[in-house]
Amino acid sequence: MNSSKTVRKAVIPAAGLGTRFLPATKATPKEMLPVVDRPAIQYVVEEAAKAGLQDVLMITGRGKRALEDHFDRAPELESNLEAKGDEKKLSTVRESNDLGQMHFVRQGDPRGLGHAVNCARAHVGDEPFAVLLGDDFMDPKDDLLSEMIEVQQKTGGSVVAVMEVDPEQVSSYGVVDAEPVDGEDFVKVNMLVEKPAKEDAPSNLAVIGRYVLHPRVFDVLDETPPGRGNEIQLTDALETLAQADGEGSGVYAVVYKGRRFDTGDKLEYIKAVVTLASERDDLGPGLTAWLKEFAK
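First things first, this report covers the structure right here in the doc.

**Quick look at the pattern of salt bridges**
Right, on to step 1. Here the structure, examined in full by the defined rule, presents 28 salt bridges.
Right, on to step 2. Of the charged contacts in the structure, one is a salt bridge between Arg210 and Glu47, with a shortest N-O distance of 2.8 Å. Here the residue Arg210 occupies a position in strand E11 (residues 205-213), and Glu47 occupies one in helix H1 (residues 40-50), the gap between them amounting to 163 residues.
Right, on to step 3. Accessibility expressed as a relative area gives 0% for Arg210, which makes it buried.
Right, on to step 4. Glu47 sits in the buried class, given a relative accessible area of 15%.
Right, on to step 5. Note that Asp69 is salt-bridged to Arg65, the shortest N-O span being 3.6 Å. Here Arg65 and Asp69 lie together in helix H2 (residues 65-70), a separation of four residues that amounts to about one turn.
Right, on to step 6. Among the residues examined, Asp69 registers a relative accessible area of 44% and is labelled partly exposed.
Right, on to step 7. The class of Arg65 is exposed, set by a relative accessible area of 54%.
Right, on to step 8. What you see here is one network of salt bridges that share partners, running through Arg20, Lys30, Asp135 and Asp262.

Here's what the structure looks like:
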C-alpha cells in the first residue's frame, strides 16, 4: 500500500433507515429530505467535489433508489424546462449530474459504520480515501475536508475530524485522547473510545462525520469483531490503527471550529434549514423579518 497516493475518492455511507424522521422517511430516504431546496445528500457530494474528489461511492440499501435517480440525468424534465426557456431551473436540475462520477453499492446487512466502509474496499483499492457521513452537515463555506486531506498526505496515516462538545453529550460520540504535534495545527490521537460515559471520556473532543483513511483500515476492519450495539465500529478499527506501527499506522485529528448540524436530529435539521435560508439573498430578508416578528 502506498500512503503517498493522492486522495481521489469519497465514500458516503447512506444505508440507514432514518427512523428518527418517521413517518417522513417511510418511503423517502432521509438523505433526500430537503435543506431549503436541495436534498441534504447533495450538499455532502458538493463538499466532496469542492475538495477535488470527483469519484464518489455511495453505500446504500433497500428503498434508496431515489438517491441514484437524483444524481442521474432527468431527460424528460430537462427537455420540459428547456422548451419553456427556464434556464435557471434547468441549471439547478443539472447541477447534481455534474458533481462527479457517482457509483452505488448496497450494504446488504446493516452491520454498522465499519461494515459500511468495508463495503467500499473493491472500489477504493489501495488508495487513501475520504468518508463523509450524510447526517453531519458542515458549513458549505468551510474547507475542512481539504485540510484533512492535506494532513493525511503529510502524515501517511488516517485522519478524523473532531470538535469540542458539551461533556454531557460525549456518550453520543466517539471520543479521542489526543496530544499536540509540534509546529502543526492538527493533533495526534492516542486513543479513541466509542460512546463513553461522561466519567470515562478521555476528553470532550468528539469525532464527527468526516474521515480521510489509509487503505490499511480495510485489513483492520476484516479483523474487527462487532462492538457496541453488536455492530462493526469504525472507531474500534481506528483505535487499532492508532496503536499500530508501520505503513498506514497512526491516527490524527483536525479540530473543527465551524458550524455543524446533525441533520439526522429533528431540531438540528430545522436549525440547518433556517440558517441556510436566512443567509440567502432570495430568502434571507423576508425570513429574518418574519423570525423577528414570530419570536416576539
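Resuming the write-up.
**Let's talk about the packing of helix H3 (residues 75-84) against helix H4 (residues 87-95)**
Right, on to step 1. Following both chains from N to C, one finds H3 and H4 inclined at 160°, their axes separated by 8 Å at the closest point. Classified by the angle between their axes, H3 and H4 sit roughly antiparallel to one another. The chirality of how H3 crosses H4 is left-handed. Taking contact as the criterion, the partners of Leu77, Glu78, Leu81 and Glu82 in H3 are, on H4, Lys89, Leu90, Val93 and Arg94.
Right, on to step 2. Here the residues of the contact of H3 with H4 are counted per class, giving four nonpolar, no polar and four charged.

**Considerations on the packing of helix H8 (residues 216-223) against helix H9 (residues 234-243)**
Right, on to step 1. Taken N-terminus to C-terminus, the directions of H8 and H9 make an angle of 115°; their axes are 9 Å apart at the nearest point. Both H8 and H9 take part in a crossing whose hand is right-handed. Contact residues: H8 offers Arg216, Val217, Val220 and Leu221, while H9 offers Leu234, Ala237, Thr240 and Leu241.
Right, on to step 2. Of the residues belonging to the contact of H8 with H9, the class tally is six nonpolar, one polar and one charged.

**Focus: the pairing of strand E10 (residues 187-194)**
Right, on to step 1. Both strand E9 (residues 174-180) and E10 contribute to a ladder of seven bridges, which runs antiparallel. In the strand pairing of E10, Val176 is matched with Leu192.
Right, on to step 2. Linking two consecutive strands that pair antiparallel, namely E9 and E10, is a turn of six residues; a positive phi of about 75° is found at Gly183 within it.

Cut-offs applied
- Residues numbered from 1 in each chain as written.
- Predicted model: local features only at pLDDT ≥ 70, side-chain atom pairs only at ≥ 80, totals over all residues.
- Heavy atoms only, no water.
- Salt bridge = Lys/Arg side-chain N within 4 Å of Asp/Glu carboxyl O.
- Helix = DSSP H or I, 4+ residues; strand = E, 2+ residues; numbered from the N terminus.
- Buried < 20%, exposed > 50% of the residue type's maximum accessible area, 1.4 Å probe, protein only.
- Axes fitted to C-alpha atoms, helices over the stretch in contact; angles between N-to-C directions.
- Parallel < 35°, antiparallel > 145°, perpendicular 65-115°, else oblique.
- Left-handed = near helix turned anticlockwise from the far one by under 90°.
- Contact = heavy atoms within 4.5 Å.
- Nonpolar A, V, L, I, M, F, W, Y, C, P; charged D, E, K, R; others polar.
- Pairing = 2+ DSSP bridges.

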